[in-house]
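# Structural description and commentary
Spelled out, the chains give:
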Amino acid sequence: MADTDAGSDTADSEAAGGEAGDPVEAGDEPEHESPSAPAGGIVIPVEPTPTLRATIAHAVEAAIDEGFSTIHLVEIASWRNGDPGADDRAAAAERVLERAEAWATSDLDDVDGERPLVTVVTELIGADEYLFGPDDYVRVLAAYAEANDADRVLLDPEYTPVSNTTLLQPLEFALSNSSLTVETAPVTRPTRGERLRTEATGKRFAAMFGFSLAFYLILGDPLYWFDWVTGIATAAIVSVTLSRVSIDVEPGIPRTPMRLLRGVIYVPVLLFEIVKANIEVARVILDPRLPIEPTMNRMRVIVGSGLPLMTLANSITLTPGTLTVRARDSDLYVHSLIPSARDGLFDGSLERWTRFVYYGRASARLPTPRERDDCAILQGPDATEEMPIVAADGGADPDTGNGSPAEPDDEDREETEVTDE
């Protein structure tokens, strides 16, 4: 990405000594002199929001008043390079960054007197890995800030990193646990009425409304007028409250219809897997020896975050013999009842089908978790990896000595041993 220089050569020469050849007189100061030694940088995460323009203007004022040398406009990718459609999303992000850069440059040029010695830098970050939640976004943002000697983050009050989808855990909360100084731009936010009109006329609202109404009528009687009245009311409420949470990207043509079509193809495949797993589990239960081997397993999946990850986790849970216990970042922790269920999990059939539904046939050909060595058994004699000790998100690795849990007393240790058994 190109940087925008803080000032022209002419401005630099005038700052150094007025007109060419004229010495600098003591006491001669430009009308708008920037700090003599501007330091550090301010980072502004960027997304197309109603308050982005005002946030950029405030960032320029803060950089001038507080002596920041650089304004970093960054967009955190909610996709991974190589995913289908990643190039289009990256191009759209570049256009947003270019617009934000133009605004910042214009505001700097409009300052009375000498142009401030502030550089505007734009960057797209985080596209080389899947980011699954606020902690991941903060980690990438903090790494960028550290690498660029920036210590301040200015947040757009309407900003969320996943295509303006509401995060269940606010980004400000995750940032509060970092070493960065965080400030929310004091700009006017859209009123409730403006927000409602925007959400009620968007593609996400329309998609959620249509899906909710169709589901309601399938469960009810589509020929009964009362079901239509209550269905429309219910679908409207669901769409207003959940459209920004449930749908992480704007529906588009032909992507959304193709996903729906591939989803229809996936339904009989999932039903076949459920029937097959039912037969396997029934055979084990009817065996007098009861050859079960319950274990906890970890599997790193490559399906993206949000709806694809939820689809895979629920598909695994619907299949008898396996239960998704937890999804953390790109790892799924799955309890399996019998070895064949665990083997099927590691062979990645459901993962491949999930990729097929959301990204197409080419993505379904990626290696399985077993082939990638992205799976592990956490319990039993065949365990290949220890059970995670740190139970809470954001906890530190006990081996580092930071944030390690206190040593349990005898009573707690006994209770832990009983639980593990």
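The residue numbering used here restarts from 1 in each chain and proceeds along that chain's sequence as written. Given that this is a predicted model, residues contribute local features only at a pLDDT of at least 70 and side-chain atom pairs are listed and counted only at 80 or more, while totals for whole chains, interfaces and linings are drawn from all residues. By convention in this description, side-chain values take in all heavy atoms of the structure and omit both hydrogens and water.

Turning our attention to helix H9 (residues 255–286). In this model, H9 (32 residues) spans 46 Å end to end at C-alpha, consistent with the 46 Å of a helix rising 1.5 Å per residue. Bend is computed residue by residue as the angle between axes fitted to the seven residues ending at the residue and the seven residues starting at it. Under the scheme used here, helices are H or I runs from DSSP no shorter than 4 residues and strands are E runs no shorter than 2 residues, and both carry numbers assigned from the N terminus. The sharpest bend along H9 measures roughly 25 degrees and falls at Tyr-266, with the proline Pro-268 sitting one to four residues further on. All of the buried residues along H9 are Arg-262, Gly-263, Tyr-266, Val-269, Leu-270, Glu-273, Ile-274, Ala-277, Val-281 and Val-284. As for H9, its buried residues are in contact with helix H10 (307–318) and helix H12 (349–359). One fewer than the residue count of a helix, multiplied by 1.5 Å, yields its expected span. For every residue, the accessible area obtained with a 1.4 Å probe (protein chains only) is divided by the maximum for its type, and the residue is called buried under 20%, exposed over 50%, and partly exposed between those limits. In this description, contact between two residues means that some pair of their heavy atoms is separated by no more than 4.5 Å.

Before going further, it helps to spend a moment on the environment of Arg-189. Along the chain, the position of Arg-189 falls in the loop between strand E5 (181–184) and helix H6 (192–200). Considered as a pair, Arg-189 and Pro-157 are 32 residues apart in the sequence and their alpha carbons are 7.3 Å apart.

The next subject is the packing of aromatic side chains. Pairing of aromatic side chains here covers Phe, Tyr and the six-membered ring of Trp, requires ring centres within 6.5 Å, and sorts the geometry by plane angle: under 30 degrees stacked, over 60 edge-to-face, intermediate tilted. Summed over all chains, the structure comprises six aromatic pairs. Here Tyr-224 and Phe-226 contribute two aromatic rings whose centre-to-centre distance is 6.2 Å and whose plane-to-plane angle is 45 degrees, an arrangement assigned as tilted. Relative to Phe-226, the ring of Trp-225 has its centre 5.8 Å away and its plane inclined at 90 degrees; by these criteria the two rings are edge-to-face. Assessed through its relative accessible area of 59%, Trp-225 is described here as exposed. Take Phe-226: its relative accessible area is 41%, and that puts it in the partly exposed class. Here the aromatic cluster, defined as three or more aromatic residues joined through ring pairs, consists of Tyr-224, Trp-225 and Phe-226.

Of note, Thr-295 is situated in strand E6 (residues 295–300). Here a polar contact is taken to be a pair of N or O atoms separated by no more than 3.5 Å, where protein atoms must pair a possible hydrogen donor with a possible acceptor and residues adjacent in sequence count only if both atoms sit in side chains. Only 3.4 Å separates the side chain of Thr-295 from the side chain of Arg-342, close enough to count as a polar contact. Leave out the neighbours within four places in its chain, and Thr-295 touches Val-334, His-335, Ser-336, Arg-342, Ile-377 and Gln-379.

Here we come to the sheet that holds strand E8 (residues 331–336). The antiparallel open sheet is built from four strands, whose spatial order is E7-E8-E6-E9. Every interior strand has two partners, whereas the edge strands, strand E7 (322–328) and strand E9 (375–377), have only one. Geometrically, the sheet is characterised by an average inter-axis angle of 20 degrees between neighbouring strands, direction not taken into account. In this description, strands pair whenever DSSP reports at least two bridges between them. In this sheet, E8 lies alongside E6 in antiparallel orientation, the contact comprising six bridges. By the bridge assignment, Met-296 is partnered in E8 with His-335. The convention used is that axes are lines fitted to C-alpha atoms, helices contributing only their stretch in contact, and that angles between N-to-C directions extend from 0 to 180 degrees. Taken strand by strand, H10 contacts E6, E7 and E8, and its axis lies near 155 degrees from that of E7. Sheet contacts for helix H11 (residues 339–347): E6, E7, E8 and E9; angle to E6, the most-contacted strand, approximately 5 degrees.

Here five strands make up an open sheet; going across it, the order is E3-E2-E1-E4-E5 and the pairing parallel. Either end of the sheet is taken by a strand with one partner, and the two such strands are strand E3 (119–125) and E5. When strand polarity is set aside, the average angle formed by the axes of neighbouring strands in this sheet is 25 degrees. Relative to the sheet, helix H3 (residues 86–109) contacts strand E2 (70–76) and E3, its axis offset from that of E3 by approximately 165 degrees.

In this section: the side chain of Arg-372. Looking at the element boundaries, Arg-372 is found in helix H13 (residues 369–372). Not counting the four nearest positions on each side in its chain, Arg-372 is found in contact with Arg-300, Val-301, Ile-302, Glu-351, Arg-355 and Pro-367.

With that settled, the discussion passes to the nonpolar core. Generally speaking, soluble globular proteins have nonpolar side chains that are buried together. Put simply, a nonpolar core is a bunch of buried Ala, Val, Leu, Ile, Met, Phe, Trp, Tyr and Cys residues held in one set by side-chain atoms that sit within 4.5 Å of each other. Membership of the largest hydrophobic core comes to 29 residues, with the highest contact counts inside it found for Ile-42, Ile-44, Val-46, Ile-71, Leu-73, Trp-79 and Leu-124. Dropping the residues within four chain positions of it, Leu-124 is found in contact with Glu-75, Ala-77, Trp-79, Ala-90, Ala-93, Glu-94 and Leu-97. Counting 23 residues, the second largest nonpolar core, distinct from the first, contains Tyr-266, Val-303, Leu-312 and Leu-332.

So, about the pattern of salt bridges. We define a salt bridge as a side-chain nitrogen of Lys or Arg found within 4 Å of a carboxyl oxygen belonging to Asp or Glu. Within this structure, the stated rule accounts for 17 salt bridges. With a closest N to O distance of 3.3 Å, Arg-283 and Glu-280 form a salt bridge. Of the two residues, Arg-283 and Glu-280 are both situated in helix H9; the distance of three residues between them amounts to about one turn of the helix. Residue class for Arg-283 comes out partly exposed when judged on its relative accessible area of 49%.

What follows deals with unusual backbone geometry. Look at Asp-149: it is not a glycine, yet its phi comes out positive at around 55 degrees. On the basis of relative accessible area, Asp-149 is assigned to the exposed category, the value being 57%. One non-glycine residue, Leu-290, lies in positive phi territory at about 50 degrees. Looking at Leu-290, the relative accessible area reads 44%, which means it is partly exposed.

Interpretation in functional terms is not warranted from these geometric data alone.
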